[in-house]
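# Summary of the model geometry
For reference, the chains in residue letters:
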Amino acid sequence: MKLLIIGATGPSGQHVVDRALKSGDTITILARRPEALRDLQGKVTIITGDATSHGVLVRAMKGQDAVIVTLGRGKSIRAKDLFTRAAKGVIGAAKLTGVTRLVWLSSFGVGDTFLDATIVQKFMYRTLLRDLYINKEASEKIIRESGLKWTIVYPTALMNGPAKGIYRVSDRIKMKGAPRINRADVADFIHKAAHDDKWIRRNAVITD
Ligand SMILES: NC(=O)c1ccc[n+]([C@@H]2O[C@H](COP(=O)([O-])OP(=O)(O)OC[C@H]3O[C@@H](n4cnc5c(N)ncnc54)[C@H](OP(=O)(O)O)[C@@H]3O)[C@@H](O)[C@H]2O)c1
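Computed from a prediction, not measured in an experiment: that's the story for all the values here.

Calculation rules
- Residues numbered from 1 in each chain as written.
- Predicted model: local features only at pLDDT ≥ 70, side-chain atom pairs only at ≥ 80, totals over all residues.
- Helix = DSSP H or I, 4+ residues; strand = E, 2+ residues; numbered from the N terminus.
- Rg over C-alpha atoms; globule rule 2.2 N^0.38 Å.
- Buried ≥ 20, exposed ≤ 12 C-beta atoms within 10 Å, placed from the backbone.
- Contact = placed C-beta atoms within 7 Å.
- Right-handed = clockwise from strand over helix to strand, strands pointing away.
- Pairing = 2+ DSSP bridges.
- UniProt positions renumbered as here; feature names shortened; annotations may be inferred.
- Near = placed C-beta within 6 Å.
- Nonpolar A, V, L, I, M, F, W, Y, C, P; charged D, E, K, R; others polar.
- Axes fitted to C-alpha atoms, helices over the stretch in contact; angles between N-to-C directions.
- Core = buried A, V, L, I, M, F, W, Y, C linked by C-beta atoms within 7 Å.
- Parallel < 35°, antiparallel > 145°, perpendicular 65-115°, else oblique.
- Left-handed = near helix turned anticlockwise from the far one by under 90°.

Turning our eyes to something else, we now look at the overall build of the chain. Within the chain one finds six helices and ten strands. The C-alpha atoms of the chain give 16 Å as radius of gyration, which agrees with the globular expectation for 208 residues (17 Å, within 12%). Relative to its 208 residues, the chain shows a buried fraction of 43%. Sequence separation of at least 24 residues holds for 71% of the intrachain contacts in the chain that already meet a minimum separation of 6.

So, in structure tokens, the structure goes:
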């Protein structure tokens, strides 16, 4: 499959690239810091630019079977409209280039998934993560109304351990305790979802 991965210099995106390389996909990466992808030279096509830039998105999207977005704000708790700007850009470019499949990494607690959070999670989402979550929710409204074949993935707290190969994924999961999941397992699911029709136009909550 021809995959465009946006956010590949981040820790979750790196796992998605590893997973896609193992399965033999043809990978294009849109990144604003191509120097962070030195190890991938020769294995993937790299397009340099910002994930909110229309021209770059159109160039990267041409000929792709699916686009995977693992964008994030790193350690910042301010969204700076990244998610809404990227959603509009990605959807606009997808429509121009005829790409229909989008797998979008969000966060558990955004939108309706908030209803299934623990009291502790709800407190975090309403305080520290509030600004990020408001913009993520707005971006997901844009995605749901886009007409694309989207899947929005909602992981609990992300960890950096190796893939366990066992995780729970469902439209809704009522949380208990301190749920978490390794980025490598999230990447495995994202990759599978992009190759499969099962998760089209569905929320995928994922946790250990
Ligand atoms: N941390 C958690 O526990 C947790 C839990 C659930 C969900 N999430 C969500 O999961 C997602 C991924 O998180 P992560 O920690 O793996 O990654 P991250 O550190 O947030 O990485 C973000 C990626 O997005 C890229 N990016 C940001 N703005 C960009 C722009 N304008 N143009 C191009 N690229 C841009 C970054 O590029 P640069 O390398 O150039 O900065 C990087 O590749 C985020 O949306 C996060 O909110 C996180």
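Before going further, it helps to examine the pairing of strand 1 (residues 2-6). Among the five residues of strand 1, four are classified as buried, and the element is accordingly described as predominantly covered. Where the polypeptide runs from strand 1 across helix 1 (residues 11-22) and back to strand 2 (residues 26-31), its parallel neighbour, the crossover connection is right-handed. One ladder, built from four bridges, connects strand 1 with strand 4 (residues 66-69); its direction is parallel. Counted as the bridge partner of L3 is A66 from strand 4.

Turning our eyes to something else, we now look at the UniProt feature "domain: NAD(P)-binding" (unreviewed entry) in the chain. Taking the numbering used here, the UniProt-annotated feature "domain: NAD(P)-binding" (unreviewed entry) corresponds to residues 7-196. For residues 7-196, the end-to-end C-alpha separation is 21 Å, with 37% helix and 18% strand making up the annotated structure.

Further remarks concern the site of the ligand. Neighbouring residues of the ligand: 24 residues in total, closest T9, G10, S12, A51 and G72. Those elements that place two or more of their residues in the shell around the ligand are helix 1 and strand 7 (157-159). Among the elements that make up the shell around the ligand, the one with the highest residue count is helix 1 (three residues). Each residue belonging to the shell around the ligand can be placed in one class, and the counts come to nine nonpolar, ten polar and five charged.

This brings us to the pairing of strand 2. With five of its six residues buried, strand 2 lies for the most part within the structure. Here strand 1 pairs with strand 2 via five bridges, running parallel. Note on strand 2: the bridge partner recorded for K2 is T26. Pairing geometry for strand 2 and strand 3 (residues 45-48), over four bridges, is parallel. Residue A31 lies in a different strand from strand 3, and its bridge partner there is T48.

Turning to the sheet that holds strand 1, a few remarks are in order. The strand order across the open sheet built from eight strands is 3-2-1-4-5-6-10-8, with neighbouring strands paired in mixed fashion. With partners counted over all chains shown, the strands left at the sheet margins are strand 3 and strand 8 (168-170), one partner each. Neighbour to neighbour, the strand axes of the sheet diverge by 20 degrees on average, direction disregarded.

In this structure, D81 is a non-glycine residue whose phi angle is positive, near 60 degrees. Assignment of secondary structure puts D81 in the loop between strand 4 and helix 3 (82-97). The class for D81 is partly exposed, based on 13 C-beta atoms found within 10 Å. The phi dihedral of R201 is positive, around 55 degrees, even though this residue is not glycine. Residue R201 is classed as exposed on the basis of its C-beta count, with 12 C-beta atoms lying within 10 Å.

Bringing the nonpolar core into the picture now. Membership of the largest hydrophobic core comes to 58 residues, with the highest contact counts inside it found for I5, V67, I68, V90, V153 and I190. Per element, the largest residue contribution to this core is eight residues, and it comes from helix 3. Contacts of V90, omitting those with residues within four sequence positions, involve L57, V67, V69 and L102.

Packing of helix 2 (residues 54-61) against helix 3 brings their axes to within 9 Å, and their N-to-C directions diverge by 45 degrees. In terms of their interaxial angle, helix 2 and helix 3 are classed as oblique. The hand of the helix 2/helix 3 crossing is right-handed. For the pair helix 2 and helix 3, the contacting residues are H54, L57, V58 and M61 in the first and G89, V90, G92, A93, A94, L96 and T97 in the second. Taken together, the residues of the contact of helix 2 with helix 3 break down into seven nonpolar, four polar and no charged.

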